[in-house]
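Here is what each chain is made of, one letter per residue.
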Amino acid sequence: MKYRREIDGLRALAVVPVILFHAGFKRFSGGFVGVDVFFVISGYLITSIILHDQHRDNFSILRFYERRARRILPALFLVMAVTCIFAYAWMLPDELKNFGQSILATTLFSNNILLAITTNYWSLASEFKPLLHTWTLGVEEQYYVLFPLLMIFGWKFFRKYMAIVLGVAALLSFAAANWGLFNKPEFNFYLLPTRAWEILIGALAAFYMIGKKSTNSKFFWSELLGGIGFCLIVASVFIIGRSHTPDGLFYPTAPTLGAVLIILFSTEDTVVGRILGWGPMVGVGLISYSLYLWHQPLFSMARVYSKEPPGIAIYSVLLVLTFILAYVTWRYIETPFRNREKVGRTAIFSFALVLSVAFVSIGVYLNRNYGIVSRIYDPSKVTAADLDKRIYNERVFQKKKDSFPSDGKLKLLVIGNSFGRDFVNMTTETFDVENVDIVYRDDFSECIAPFENKTAEKLYDAADVIVFASGDATESCVADNIRFTHERNKDLFYIGTKSFGYNENWIMRLQPGDRANQWNRVLSDSLELDAKESQIVPVDNYISLMKPTVRNGYIPITDADGRLLSIDRAHITKYGAMFFGQKVLLGSRYGEIMKQRGGSTAYSVTPPPESHKG
């Protein structure tokens, strides 16, 4: 294949906006579209290589996968290995468990599938995922498992119609993506069937270019269409952004179309070709793969390390470091491994096998052992089950029942989402509930009347105490709910929101003796929500989790024994349930009702200092 400098420049045009977008530069709010451009470039280059080999009757699928291994794995494994070291040292168990899943999925080129099926309520915030960006490698490598086989089969049986077949496949993928955008957005974003159309457009460009007799014909149209393509990509980066509401696939289509127009019509003789072929642009394009690999782990681990969100100054330093590491990786890892004289076929496949097994083993171990709790706590005193937000929180589903027993006990009905389950845990860890029947429901709205169904009517009628604990009261129902419970001599409470700041991973860096009574700055939107709730709900019916615990804008994140109150900055551990039960519930009117029926547990908490530490 003839080398085209403008393609490397196009790589630079794709990768730089992605990096600046992830660094939080607001002017690059649409920088994520660089991924769409990368897919087009990949489809074009790989298909061009296959077609050139097929025209010479020289295509080898073994050589194809060898090329992919040389191109992808050495730099990827280096970045993964370095990230593992810092993740082990800096990440709390929940984040390290999630990282282990990412290590496993990235090694198997399926991180896109992992992200699609775990993008839910419990998912770790994306900014704390060092390998989040490897989902694109998953899409590409899944595509290149199938594509060479299709090319071999098609070349033998329907050579003349291969472009038509790929065009139909692209249209079907585009239609699936348009449907998924509104119905399954998380699957639509990450999975191959709804991303393949972008790669296939690049493949179709390769079919066109290989049959094109001259790249310099109709120079005016080359200038015009190449210029339009360049403008589409630039406009996508600076104008589209995430602030716009998607109305179909216009947003990913614009940069995709822009990329293919540049590939088809921009040459070294056109204005766009000269811009993209400029030395610094080509240089960035050459190291673009390593740039892409390094930027997310650097940014993510900086966030993991920081108590507060890193500022522009930190990201600026990280940008420089990203370019330095990318150049070194390209020079001393990528380039040598792509040289068959220095690294033979047996060596590259052996390297890939050994390190793949190693990373899969690491990933499985971190996931199965909940991020190795023993790195921070004595496992005989603190267990994964007491920390894991899913295990501890979701055990409350055992109390999801359709009725109360007729046994004369106090009947407590708790309505809410995972915050409601947190409240149940606060209650059971704080009070002797032997004489209390607790029913939890996550499928009732926060409006008692009209009753949603017979089950709701039966539970509301039977309950002595009703608690709404989603952390965000439905204002239109508060007055009616209070009237309903007052007329029937029931007690009603609303539980406020809770939040444990930006990041807790910095606790890992403290010595065990220094982890007690540590504090984080509360996010402003959480304080605002608590203030709003306290205005909506009368004081006798509202229990704020923030007011009794927040001091000067800071909230405790560990108890007197250094145990984490929350593992994910939103939901509480067993020790968080104990802490808030003692600090908040015991002194409330709700606590008085519970103590009348059973009393409190023996657990006590050393009061936190008046001023936050560290």
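Up top is the structure these notes are about.
These remarks concern the structure in this document. Predicted model only: the values in this text are computed from it and were never measured.

1. Here we look at the overall build of the chain
Here is step 1 of the chain: Secondary structure summary: the chain contains 24 helices and 7 strands in total.
Here is step 2 of the chain: In terms of overall dimensions, the chain has a C-alpha envelope of 90 × 55 × 45 Å along the principal axes.
Here is step 3 of the chain: Of all intrachain contacts in the chain linking residues separated by at least 6 positions in sequence, the fraction that spans at least 24 positions is 79%.
Here is step 4 of the chain: Working note: accessible area of the chain is about 26,700 Å², and carbon and sulfur atoms make up 60% of it.
Here is step 5 of the chain: Of the side-chain charges in the chain, 64 are positive and 55 negative, and the distance between the mean point of each set is 9 Å.

2. A word on the sheet that holds strand S1 (residues 410-415)
Here is step 1 of the chain: Strand order in the open sheet made by the 5 strands is S2-S1-S3-S4-S6, with parallel pairing throughout. In this open sheet, the two strands that pair with only one neighbour each are strand S2 (436-441) and strand S6 (542-543).
Here is step 2 of the chain: Strand direction decides the pairing type here: S1 and S2, joined by 6 bridges, are parallel. Bridge pairing in S2 places Ile415 opposite Arg441.
Here is step 3 of the chain: Together, S1, S2, strand S3 (465-468), strand S4 (491-495) and S6 form the strand contacts of helix H24 (residues 589-597), whose direction differs from that of S4 by roughly 125 degrees.

3. Considering the environment of Ile376
Here is step 1 of the chain: Along the chain, the position of Ile376 falls in the loop between helix H16 (345-368) and helix H17 (384-387).
Here is step 2 of the chain: With 96 residues separating them in the primary sequence, Ile376 and Pro280 have C-alpha atoms 46 Å apart.
Here is step 3 of the chain: Filtering out sequence-adjacent residues up to four positions away, Ile376 remains in contact with Leu92, Pro93, Ile507, Met508 and Arg515.

4. Topic: the pattern of salt bridges
Here is step 1 of the chain: A complete count under the given rule lists 33 salt bridges for this structure.
Here is step 2 of the chain: In this structure, Arg340 and Glu66 form a salt bridge, with 3.4 Å as the shortest nitrogen-oxygen distance. Placement of Arg340 in the loop between helix H15 (312-337) and H16 and of Glu66 in helix H3 (residues 61-90) is noted, with a sequence separation of 274 residues between them.
Here is step 3 of the chain: Judged by relative accessible area, which is 44%, Arg340 ranks as partly exposed.

5. Some words on the side chain of Glu95
Here is step 1 of the chain: Among the secondary structure elements, Glu95 is positioned in helix H4 (residues 93-107).
Here is step 2 of the chain: Within the structure, the side chain of Glu95 is placed 3.3 Å from the side chain of Asn505, a separation counted as a polar contact.

6. Notes on the state of the cysteines
Here is step 1 of the chain: On inspection of all chains with the given rule, the structure shows 1 disulfide.
Here is step 2 of the chain: Note that Cys447 is cross-linked by a disulfide to Cys477, the S-S spacing being 1.5 Å. A torsion of 45 degrees about the S-S bond marks the disulfide between Cys447 and Cys477 as right-handed. Pair noted here: Cys447 is in the loop between S2 and helix H20 (454-462) and Cys477 is in helix H21 (residues 475-487), with a separation of 30 residues, a long-range link.
Here is step 3 of the chain: Classification of Cys477 by relative accessible area gives buried; the value is 7%.

7. Considerations on the pairing of S4
Here is step 1 of the chain: Across the 5 residues of S4, 4 count as buried, placing the element largely inside the fold.
Here is step 2 of the chain: Examined bridge by bridge, S3 and S4 share 4 bridges and lie parallel to one another. Each residue of the ladder has a partner; that of Ile466, found in S4, is Leu492.
Here is step 3 of the chain: Read from S3 through H21 to S4, the crossover connection turns out right-handed.
Here is step 4 of the chain: Where S4 and S6 come together, 2 bridges link them in parallel fashion. Residue pairing in the sheet places Ile495 in a bridge with Ile543 of S6.

8. Observations regarding H15
Here is step 1 of the chain: With 26 residues, H15 should cover 38 Å at 1.5 Å per step; its first-to-last C-alpha distance of 35 Å lies within 8% of that length.
Here is step 2 of the chain: Within H15, burial applies to Tyr315, Leu318, Leu319, Thr322, Ala326, Thr329, Glu334 and Phe337.
Here is step 3 of the chain: Each element contacted by the buried residues of H15 is listed here: helix H1 (5-22), H3, helix H14 (288-305) and H16.

9. Things to note about helix H7 (residues 162-183)
Here is step 1 of the chain: The end-to-end C-alpha separation of H7 is 31 Å, in line with the 32 Å expected for 22 residues at 1.5 Å each.
Here is step 2 of the chain: Buried within H7 are the following residues: Met162, Leu166, Gly167, Ala170, Ser173, Ala177 and Gly180. Across the axial projection of H7, the buried residues extend over an arc of 150 degrees, all falling on one side. Facing away from the buried side of H7 by more than 90 degrees, the exposed set consists of Ile164, Leu171, Leu172, Trp179 and Phe182.
Here is step 3 of the chain: Contacts from the buried residues of H7 go to helix H6 (135-157), helix H8 (185-190) and helix H9 (196-211).

10. Digging into the packing of aromatic side chains
Between two aromatic rings, the relevant description is the distance of the centres plus the angle of the planes.
Here is step 1 of the chain: Summed over all chains, the structure comprises 35 aromatic pairs.
Here is step 2 of the chain: Judged by centre distance (4.9 Å) and plane angle (85 degrees), the ring pair of Tyr143 and Tyr144 falls under edge-to-face. Like Tyr144, Tyr143 is buried.
Here is step 3 of the chain: For the ring pair Phe444 and Tyr460, a centre distance of 6.0 Å and an interplane angle of 40 degrees mean the geometry is tilted. Placement of the pair is Phe444 in the loop between S2 and H20 and Tyr460 in helix H20, with a sequence separation of 16 residues. Taken individually, Phe444 and Tyr460 each receive the classification buried, so the pair is uniform in this respect.
Here is step 4 of the chain: Aromatic rings pair up to connect Phe59, Phe64, Tyr65, Tyr143, Tyr144 and Phe147 into one cluster.
Here is step 5 of the chain: The ring of Trp506 carries the charged tip of Lys307 above its face, separated from the ring centre by 4.0 Å.
Here is step 6 of the chain: A cation over an aromatic ring shows up here: Arg375 above the ring of Tyr88, its NZ or CZ 5.4 Å from the ring centre.

Rules behind the numbers
- Residues numbered from 1 in each chain as written.
- Predicted model: local features only at pLDDT ≥ 70, side-chain atom pairs only at ≥ 80, totals over all residues.
- Heavy atoms only, no water.
- Helix = DSSP H or I, 4+ residues; strand = E, 2+ residues; numbered from the N terminus.
- Contact = heavy atoms within 4.5 Å.
- Areas by Shrake-Rupley, 256 points an atom, 1.4 Å probe, with all protein chains shown as cover.
- Lys, Arg positive; Asp, Glu negative; His and termini not counted.
- Charge placed at Lys NZ, Arg CZ, Asp CG, Glu CD.
- Pairing = 2+ DSSP bridges.
- Axes fitted to C-alpha atoms, helices over the stretch in contact; angles between N-to-C directions.
- Salt bridge = Lys/Arg side-chain N within 4 Å of Asp/Glu carboxyl O.
- Buried < 20%, exposed > 50% of the residue type's maximum accessible area, 1.4 Å probe, protein only.
- Polar contact = N/O pair within 3.5 Å; in protein donor to acceptor, adjacent residues only side chain to side chain.
- Disulfide = S-S within 2.5 Å.
- Right-handed = clockwise from strand over helix to strand, strands pointing away.
- Expected span 1.5 Å × (residues − 1).
- Arc of directions from axis to C-beta.
- Phe/Tyr/Trp six-rings, centres within 6.5 Å; stacked < 30°, edge-to-face > 60°.
- Lys NZ or Arg CZ within 6 Å of the ring centre and 35° of its normal.

Coordinates in, geometry out; function isn't part of it.
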